[in-house]
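Notes for the structure review
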Amino acid sequence: MQTLHAAFSAKIDAVLNALEMEGHLPPGASRAGVTVEPPRDPSHGDLATNAAMVLAKQAKTNPRALAELIVEHLKREPDIAEAEIAGPGFINMRLANDAWRRELASIASLGEDYGRSTIGAGTTVNIEYVSANPTGPMHMGHCRGAVVGDALAGLLEWAGYRVTREYYVNDAGGQVDTLARSAHIRYREARGEEVGEIPEGLYPGEYLKPIGERLAQEFCDTYKNADESEWLALFRERAVAAMMDMIRADLALLGIHHDLFTSEAELQAAKKPEQAEAWLRGKDLVYDGVLEAPKGKAPPEDWEPVELPLFRSTQFGDDQDRPIRKSDGKWTYFGADLAYHFQKADKADALIDIWGADHAGTVKRIKAAVAALTQGAGRNVPFDVKLVQMVQLMRNGEPIKMSKRSGNFVTIADMVEEVGKDVVRFTMLTRKPEAQMEFDFAKVVEASKDNPVFYVQYAHARIRSTMRKAGVKPSGENLDRLGNAELALVREAAQFPRVIESAAKAREPHRIAFYLGDLAGAFHGFWNAGNDDTSLRIIQEDEPELTSARLYLADAIGQVIRNGLAILGVEAVEEM
RNA sequence: GCGCCCGUAGCUCAGUCGGAUAGAGCAUCAGAUUCCUAAUCUGGGGGCCACAGGUUCGAAUCCUGUCGGGCGCACCA
């Protein structure tokens, strides 16, 4: 299904072909810069093209002269009501009302598929997001990346990509040993021991108590006084599994479900990092060298130069070569991550990682690794890292203090319970992800038009309630009864497919949220006009034909809102 | 010191592939709101797009530099 805007782009293209035939344009003139898009100022019309300005030089004429030739052709198109030259050589077009009525009918017939695009062409995209360490419940720090990643996944699916939602489980580093030790204390506690204060450096959170109890049930006193070497691996496995169950449950509260959980420990057991290292050494991209001392601050007390296997990330734009193994021979996080990305790149046409901004410093090295591994193997796998900035939690304008040390932090479960899944998801998408944001518990639940979640959902609820109240059914039979005010709404709704495509290309799901705010605003405006002028109200008791045509319109607006919300994973409510 | 992100109205923020007179909400000011589908509506004022150069028909947008804010700069994860 071709979108309205694509159809008109094609018309412009056809006109340019005709001009080539007529000799007004040199054959094969580059149309790279030609755009056909709605002008920012609606008084300029529905669509505008810069074709004349871009091509004037190649046609060896001035923009306005070329524009006149183009306009002549455009005027023959029945769907183009007006075409005129403006400013330095823009061509502004107003579409025939029938074109908008047909678009309205197409919203109705495509229904919940309206806005789907095929620009992804079935290529596979792997999106890795959340990937929180399995050492505790999900808290606020993870929330934004989780929502942005999930909404991006939904968006790309709508745009015709085949998406894998992946979670990388960091179950191989020192932090999971710490988890196992913390669980061991809770286990001893559950066996009746007085453990007192949790020692510095271990996880103090209450959430480990149930795990201790389960371990106590399973193992009784077997490991109570045993040496760490006897229980560490076992407790680690049990505790990580329990943490992952908890994390999955937290994510489910947000409506997030990953397709794939990849374990770092399994990856290492399968010798993937060794394979990557061997391959990179073969290409001289890993060598044994001495790491430079940390810059910008006094080197740590125990700093001494050590020879380590280093990856030549500087060859790919990083600031320094990075170690893939530690001096004890174990893999660094980067070493394992490198192998992990190689594995992902093997199975997808494109990779996207969603990371917290605190990992910004490691973007270059992992991009370098992916470039080395894929390009070296003769493949080109586009790889994007999306950095998501921190969220400052507020309540009534006051920042909420959190301290991980004391185990006092706001969990996702707390948030969802207090404000609801839809509010959390939508609010996280009301700012571009790379900008810092505040999340005020008081503001996000406010039922007023200052609150975008409410504003959009209220528009949908209003539409649904009107449908319920009307005595007649919506009908596309008498769309010629719809006038300018109604068609203006269709214009806004018709932007939806374009918004999807541009948001998908830019990988920016927040654009959908902003668009829905605009669409809801247009609908509320239309509704409010009915307060002053009763003839503009949707339901006209003595005019069933007009009523059913307006219901048809309202239904279509509701459909677009539902589709947009569905992409973002937010419910469209029936009433409020 | 280095790297990355950000800097747009008093405030919170949009701004599509470089496009025309830079937008929205809040706040503010002036009106409307007996009825009605009102968890309001209409209109006004408010801008050195941080600053300085550059690229070009055209720059908030791209490039260089400066200033300001945030994050990061382990063999941690």
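What you are looking at is a predicted structure, and each value in this text was computed from that prediction instead of being measured.

The topology assignment puts Ala503 in helix H18 (residues 496-506). By relative accessible area, Ala503 is classed as buried at 0%. The spatial distance from the C-alpha of Ala503 to the C-alpha of Leu152 is 9.1 Å, given a sequence separation of 351 residues. For Ala503, the contacting residues outside a window of four places in its chain are Leu155, Glu508, Arg511 and Ile512.

Bringing the protein's contact with RNA strand B into the picture now. Near RNA strand B lie 57 residues; those nearest to it are Asn133, Leu291, Trp527, Arg537 and Ile538. For RNA strand B, a base nitrogen lies 3.4 Å from a polar atom in the side chain of Asn50. Measuring from a sugar or linking oxygen of RNA strand B, one finds a backbone N or O atom of Ala357 at 3.2 Å. Only helix H2 (51-55), strand S4 (90-95), helix H6 (174-190), helix H16 (452-469) and helix H19 (510-532) provide two or more residues apiece to the surface near RNA strand B.

With that settled, consider the side chain of Glu277. Mapped onto the fold, Glu277 is located in helix H10 (residues 272-282). According to the relative accessible area criterion, Glu277 is buried, its value standing at 9%. Excluding anything up to four places from it in sequence, Glu277 contacts Val286, Pro309, Ile324, Arg325 and Trp331.

Viewed as axis vectors pointing N to C, H19 and helix H20 (residues 544-568) meet at an angle of 160 degrees, and their least axial separation amounts to 10 Å. When the axes of H19 and H20 are compared, the pair comes out roughly antiparallel. Along this stretch, H19 crosses H20, giving a crossing that reads as left-handed. Of the residues in H20, those touching H19 at Ile512, Ala513, Tyr515, Leu516, Leu519 and Phe523 are Ala554, Ile557, Val560, Ile561, Gly564, Leu565 and Leu568. Within the contact of H19 with H20, the residues separate by chemical class into twelve nonpolar, one polar and no charged.

All right, on to the nonpolar core then. Counting residues in each nonpolar core, the largest one holds 136 residues, and the members touching the most others are Ile70, Ile127, Met428, Phe439 and Leu568. Examining the composition of this core, we find that twelve residues originate from one element, H20, more than from any other. Counting 28 residues, the second largest nonpolar core, distinct from the first, contains Ile324, Tyr340, Ala348 and Trp355.

Here we have five strands laid out as an open sheet, ordered S7-S6-S5-S11-S12, and parallel in their pairing. Strands at the two margins of the open sheet, each flanked by one partner only, are strand S7 (260-263) and strand S12 (383-388). Taken over all neighbouring pairs, the strand axes of this sheet differ in orientation by 25 degrees on average, direction set aside.

Bridge analysis of strand S11 (residues 350-356) against S12 gives six bridges, and the strand direction is parallel. Bridge pairing links Ile352 to Asp384 in S12. The parallel pair S11 and S12 is bridged by helix H12 (residues 363-376), and the resulting crossover is right-handed.

Once that is clear, we can look at the side chain of Arg165. Along the chain, the position of Arg165 falls in strand S6 (residues 162-169). The buried category is assigned to Arg165, whose relative accessible area is 13%. Polar side-chain contacts of Arg165 include one of 2.9 Å to the side chain of Glu157. Once residues lying within four places of it in the same chain are set aside, the contact partners of Arg165 are Ile127, Tyr129, Asp150, Ala153, Gly154, Glu157, His257, His258, Asp259 and Leu260.

Overall, the coordinates contain 40 salt bridges when judged by the stated rule. Residues Arg31 and Asp13 are paired through a salt bridge, measuring 3.1 Å at the closest nitrogen-oxygen approach. Of this pair, Arg31 sits in the loop between helix H1 (4-21) and strand S1 (36-37) while Asp13 sits in helix H1, placing them 18 residues apart in sequence. Across the pair Arg191 and Asp221 runs a salt bridge, and its minimum N-O distance is 2.6 Å. Of this pair, Arg191 sits in the loop between H6 and helix H7 (209-219) while Asp221 sits in the loop between H7 and helix H8 (228-253), and the two are 30 residues apart along the sequence.

As a further point, take the environment of Ile12. Tracing the sequence through the fold places Ile12 in helix H1. Here the alpha-carbon distance between Ile12 and Leu156, two residues 144 residues apart in the chain, equals 28 Å. Other than its neighbours up to four places away in sequence, Ile12 contacts Val36, Thr49, Leu74 and Met93.

Between its first and last C-alpha atoms helix H4 (residues 97-110) spans 20 Å; for 14 residues at 1.5 Å apiece the expected length is 20 Å, and the two agree. Among all positions in H4, only Ala99, Trp100, Arg101, Glu103, Leu104, Ser106 and Ile107 are buried. Looking at the buried side of H4, the elements it contacts are H1, S4, helix H17 (484-493) and H20.

The geometry of an aromatic ring pair is captured by the separation of the ring centres together with the interplanar angle, meaning the angle of the planes. Following the criterion strictly, the structure yields 16 aromatic pairs and no others. Judged by centre distance (6.3 Å) and plane angle (70 degrees), the ring pair of Trp158 and Phe496 falls under edge-to-face. With Trp158 in helix H5 (residues 140-158) and Phe496 in helix H18, this residue pair connects regions lying 338 residues apart in the sequence. Through pairs of rings, three or more aromatic residues link up here, namely Tyr187, Phe219, Tyr223, Trp231 and Phe235. Against the face of Phe8 rests Lys11, its NZ or CZ located 5.3 Å from the ring centre. A cation over a ring is seen here: Arg248 above Phe261, with NZ or CZ 4.6 Å from the ring centre.

S11 sits mainly inside the fold: six of its seven residues count as buried. Bridging between strand S5 (residues 124-128) and S11 involves four bridges; their strand directions are parallel. Bridging from a neighbouring strand, Val125 pairs with Ala350 of S11.

To continue, consider the environment of Gly483. Among the structural elements, Gly483 can be located in the loop between H16 and H17. For Gly483, a relative accessible area of 26% translates into the label partly exposed.

Attention now moves to the sheet that holds strand S15 (residues 437-440). Working definition: the strands of a sheet are paired by backbone hydrogen bonds and lie parallel or antiparallel to each other. Strand order in the open sheet made by the three strands is S14-S13-S15, with mixed pairing throughout. The sheet terminates laterally at strand S14 (398-399) and S15, the two strands that pair on one side only. Contacts from helix H14 (residues 421-428) reach strand S13 (391-395) and S15 within the one sheet, and its direction differs from that of S15 by about 160 degrees.

Here the focus is the confidence of the model for chain A. The pLDDT averaged across chain A works out to 88; a share of 96% of its residues lies at or above 70. Reported confidence for the predicted complex is 0.90 by ipTM and 0.93 by pTM.

About the criteria used
- Residues numbered from 1 in each chain as written.
- Chains lettered and ligands numbered in written order.
- Predicted model: local features only at pLDDT ≥ 70, side-chain atom pairs only at ≥ 80, totals over all residues.
- Heavy atoms only, no water.
- Helix = DSSP H or I, 4+ residues; strand = E, 2+ residues; numbered from the N terminus.
- Buried < 20%, exposed > 50% of the residue type's maximum accessible area, 1.4 Å probe, protein only.
- Contact = heavy atoms within 4.5 Å.
- Near = heavy atom within 4 Å.
- Polar contact = N/O pair within 3.5 Å; in protein donor to acceptor, adjacent residues only side chain to side chain.
- Axes fitted to C-alpha atoms, helices over the stretch in contact; angles between N-to-C directions.
- Parallel < 35°, antiparallel > 145°, perpendicular 65-115°, else oblique.
- Left-handed = near helix turned anticlockwise from the far one by under 90°.
- Nonpolar A, V, L, I, M, F, W, Y, C, P; charged D, E, K, R; others polar.
- Core = buried A, V, L, I, M, F, W, Y, C linked by side-chain atoms within 4.5 Å.
- Pairing = 2+ DSSP bridges.
- Right-handed = clockwise from strand over helix to strand, strands pointing away.
- Salt bridge = Lys/Arg side-chain N within 4 Å of Asp/Glu carboxyl O.
- Expected span 1.5 Å × (residues − 1).
- Phe/Tyr/Trp six-rings, centres within 6.5 Å; stacked < 30°, edge-to-face > 60°.
- Lys NZ or Arg CZ within 6 Å of the ring centre and 35° of its normal.
- pLDDT = per-residue confidence, 0-100.

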